[in-house]
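Residue strings, one per chain:
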Amino acid sequence: LDLAEFLRPTSEELQARRQWAATIEAAAHSLWPGCSVHVFGSVPMGLALPCAHVDVTVAGAEGAGTRPRAVLKQLAERLLERRAISRLELGESSRSPSMQVQHRSSGLWADISLDRAE
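Rules and cut-offs
- Residues numbered from 1 in each chain as written.
- Predicted model: local features only at pLDDT ≥ 70, side-chain atom pairs only at ≥ 80, totals over all residues.
- Heavy atoms only, no water.
- Patch = residues over 30% accessible without salt bridge, like charges linked within 9 Å, V, L, I, M, F, W, Y side chains within 5 Å.
- Areas by Shrake-Rupley, 256 points an atom, 1.4 Å probe, with all protein chains shown as cover.
- Salt bridge = Lys/Arg side-chain N within 4 Å of Asp/Glu carboxyl O.
- Helix = DSSP H or I, 4+ residues; strand = E, 2+ residues; numbered from the N terminus.
- Expected span 1.5 Å × (residues − 1).
- Buried < 20%, exposed > 50% of the residue type's maximum accessible area, 1.4 Å probe, protein only.
- Arc of directions from axis to C-beta.
- Lys, Arg positive; Asp, Glu negative; His and termini not counted.
- Contact = heavy atoms within 4.5 Å.
- Pairing = 2+ DSSP bridges.
- Axes fitted to C-alpha atoms, helices over the stretch in contact; angles between N-to-C directions.

A separate point is a nonpolar patch on the surface. On the surface, Leu3, Phe6, Leu7 and Leu49 cluster together into a nonpolar patch covering about 390 Å² of accessible area. As for its position among the elements, leucine 7 is in helix 1 (residues 3-7).

With 21 residues, helix 2 (residues 11-31) should reach 30 Å at 1.5 Å per residue; the first-to-last C-alpha distance of 31 Å fits that figure. Of the residues making up helix 2, those classed as buried are Arg17, Trp20, Ala21, Ile24, Ala27 and Ala28. Down the axis of helix 2, the buried side of the element spans an arc of 120 degrees, and every buried residue falls inside it. Projecting away from the buried face of helix 2 at angles above 90 degrees are the exposed residues Ser11 and Glu12.

Relative to the elements of secondary structure, arginine 17 occurs in helix 2. Glutamate 13 is the oppositely charged side chain nearest to the buried, salt-bridge-free arginine 17, at an N-O distance of 5.2 Å. Discounting residues that sit within four places of it in the chain, arginine 17 has contacts with Val43, Ala48, Leu49, Pro50, Cys51, Ala52, Val54 and Leu108.

Here the focus is the pairing of strand 4 (residues 98-103). Across a regular strand the side chains alternate sides, sitting on one face of the sheet and then on the other. Inspection of the sheet shows strand 3 (residues 85-90) paired to strand 4 by five bridges, in the antiparallel sense. Considered in strand 4, the bridge of isoleucine 85 is made with histidine 103. Hairpin geometry of strand 4 and strand 5 (residues 109-115) is characterised by an intervening segment of five residues between the two adjacent antiparallel strands and by a positive phi of about 80 degrees at glycine 107.

Now for the sheet that holds strand 3. Read from one edge to the other, the open sheet built from five strands follows the order 1-2-5-4-3, with strand pairing classed as mixed. The sheet is open, and its two edges are formed by strand 1 (36-40) and strand 3, each paired on a single side. Across the sheet, the mean angle from the axis of one strand to that of its neighbour is 25 degrees, orientation sign disregarded. Sheet strands touched by helix 2: strand 1, strand 2 (54-59), strand 3, strand 4 and strand 5. Its angle to strand 2, the strand with the most contacts, is close to 20 degrees. Across the sheet, helix 4 (residues 68-81) is in contact with strand 2, strand 3, strand 4 and strand 5; its angle to strand 3 comes to roughly 170 degrees.

Structure, rendered in structure tokens:
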């Protein structure tokens, strides 16, 4: 058995990650129609391990106030309203706030951060 082949995500796993990212993107666009949502890291490169989180950044989420945590909380509330998440953890870093959310149906996690123009 080839280790690389064993660790390579299946097409179903890749599709589940794409769908999870699309769910986050739809929630963000419903709040901030002009925002950009980018998936980065190992998932879009096709190098994700089976336990890998989906790394997402949201840019242009204006109108929620100037506080990044307020923006993340609005997005979390929208995902909760849509019953898309089962768990939520807000990061405590004041320099670069982020949150981790777990997709209700697949169990996949996403790390969501903000790309804020300073």
